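Chain by chain, the residues run as shown.
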Amino acid sequence: QVQLVESGGGTVQAGDSLRLSCAASGGTFLTYTVAWFRQTPGKEREFVAGIKWSGDRIDSADSVKGRFTASRDAAKTTVYQQMNSLKPEDTAVYYCAAQKLGTSRLVTAANYAYWGQGTQVTVSS
């Protein structure tokens, strides 16, 4: 069973960049699909971007396409989300999530069994 440890959130200005990290504790992401979700108060968790266990990227959400990119290190112990050209509407708590293998419905939060603790990203205008 893999545990997820997130880091990298913070407060930035519109147009800035941030990189979030999701580290696997007690294992690797070799056989896990890892995705990033975000949540704002009163709303459901929204899929953002992710990496399949095969290393292929999951198509990112339209709201972040071209700005956010998920990647994985060669050791398969950390998944990153590079966030560029941040906008105030990107303000949210960001979570990484993992599911064993994973071949379908990869943008649905309910299909992910393992979750990180969340990290706050605040973008000021």
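Residues numbered from 1 in each chain as written. Predicted model: local features only at pLDDT ≥ 70, side-chain atom pairs only at ≥ 80, totals over all residues. Heavy atoms only, no water.

Peer 1: A description of the packing of aromatic side chains should follow, citing residues and the corresponding values.
Peer 2: Note on aromatic pairs: each is described by the distance of the centres and the angle between the planes. Per the stated rule, a full pass over the model turns up six aromatic pairs. Judged by centre distance (5.2 Å) and plane angle (50°), the rings of Phe 37 and Trp 115 are tilted. Here Phe 37 is found in strand β4 (residues 32-39), whereas its partner Trp 115 is found in strand β10 (residues 114-115), with 78 residues between them in sequence. On the basis of an interplanar angle of 80° and a centroid distance of 6.2 Å, the ring pair of Tyr 95 and Trp 115 is categorised as edge-to-face. (Phe/Tyr/Trp six-rings, centres within 6.5 Å; stacked < 30°, edge-to-face > 60°. Helix = DSSP H or I, 4+ residues; strand = E, 2+ residues; numbered from the N terminus.)

Peer 1: An account of the pairing of strand β5 (residues 46-51) is requested, with residue identities and associated values reported.
Peer 2: The element β5 is largely enclosed, with a buried count of five among its six residues. Summarising the sheet, β4 and β5 pair through five bridges and their orientation is antiparallel. Bridged to Trp 36 within β5 is Ala 49. Linking β4 back to β5 in an antiparallel pair, the connection comprises six residues, with Gly 42 at a positive phi of about 80°. Note that β5 and strand β6 (residues 57-58) share two bridges and pair antiparallel. Within β6, the position partnered with Ile 51 by the bridge is Arg 57. The loop that links β5 with its antiparallel partner β6 comprises five residues; one of these, Gly 55, has a positive phi angle of about 100°. (Buried < 20%, exposed > 50% of the residue type's maximum accessible area, 1.4 Å probe, protein only. Pairing = 2+ DSSP bridges.)

Peer 1: Please set out the nonpolar core residue by residue, giving values where relevant.
Peer 2: Counting residues in hydrophobic clusters, the biggest one holds 27 residues, and the most contacted among them are Phe 29, Trp 36, Met 83 and Tyr 94. Broken down by secondary-structure element, the contributors of at least two residues to this core are β3 (18-25), β4, β5, β7 (68-72), β8 (78-83), β9 (92-100) and β11 (119-124). If you look at the next biggest cluster of nonpolar residues, it comprises seven residues, including Phe 37, Ile 58, Ala 97 and Leu 106. (Core = buried A, V, L, I, M, F, W, Y, C linked by side-chain atoms within 4.5 Å.)

Peer 1: Now, about the side chain of Asp 90: what can you tell me, with residues and values included?
Peer 2: Tracing the backbone shows Asp 90 in the loop between β8 and β9. A polar side-chain atom of Asp 90 sits 2.8 Å from the main-chain amide nitrogen of Lys 87. With residues up to four places along the chain from it excluded, the contact list for Asp 90 reads Arg 38, Val 64, Arg 67, Phe 68, Ser 85, Val 121 and Val 123. (Polar contact = N/O pair within 3.5 Å; in protein donor to acceptor, adjacent residues only side chain to side chain. Contact = heavy atoms within 4.5 Å.)

Peer 1: A description of the state of the cysteines should follow, citing residues and the corresponding values.
Peer 2: Taken as a whole and judged by the stated rule, the model has one disulfide. Disulfide pairing places Cys 22 opposite Cys 96 at an S-S distance of 2.2 Å. Between Cys 22 and Cys 96, the S-S torsion sits near 70°, and that sign places the bridge as right-handed. Taken together, the residues span a long stretch of sequence, with Cys 22 in strand β3 and Cys 96 in strand β9 at a distance of 74 residues. Each of the two residues, Cys 22 as well as Cys 96, counts as buried. (Disulfide = S-S within 2.5 Å.)

Peer 1: I'd like a description of the sheet that holds β3, backed by residues and values.
Peer 2: The strands making up a sheet associate through hydrogen bonds between their backbones, and the pairing can be parallel or antiparallel. Pairing is antiparallel in the open sheet, where four strands are placed in the order β1-β3-β8-β7. For this open sheet the edge positions go to β1 (3-7) and β7, each flanked by a neighbour on one side alone. Strand-to-strand twist across the sheet, computed as the mean angle between neighbouring axes with direction ignored, equals 20°. Taken together, the six bridges between β3 and β8 define a ladder with antiparallel strand orientation. Along β8, the bridge assignment pairs Leu 18 with Met 83. (Axes fitted to C-alpha atoms, helices over the stretch in contact; angles between N-to-C directions.)

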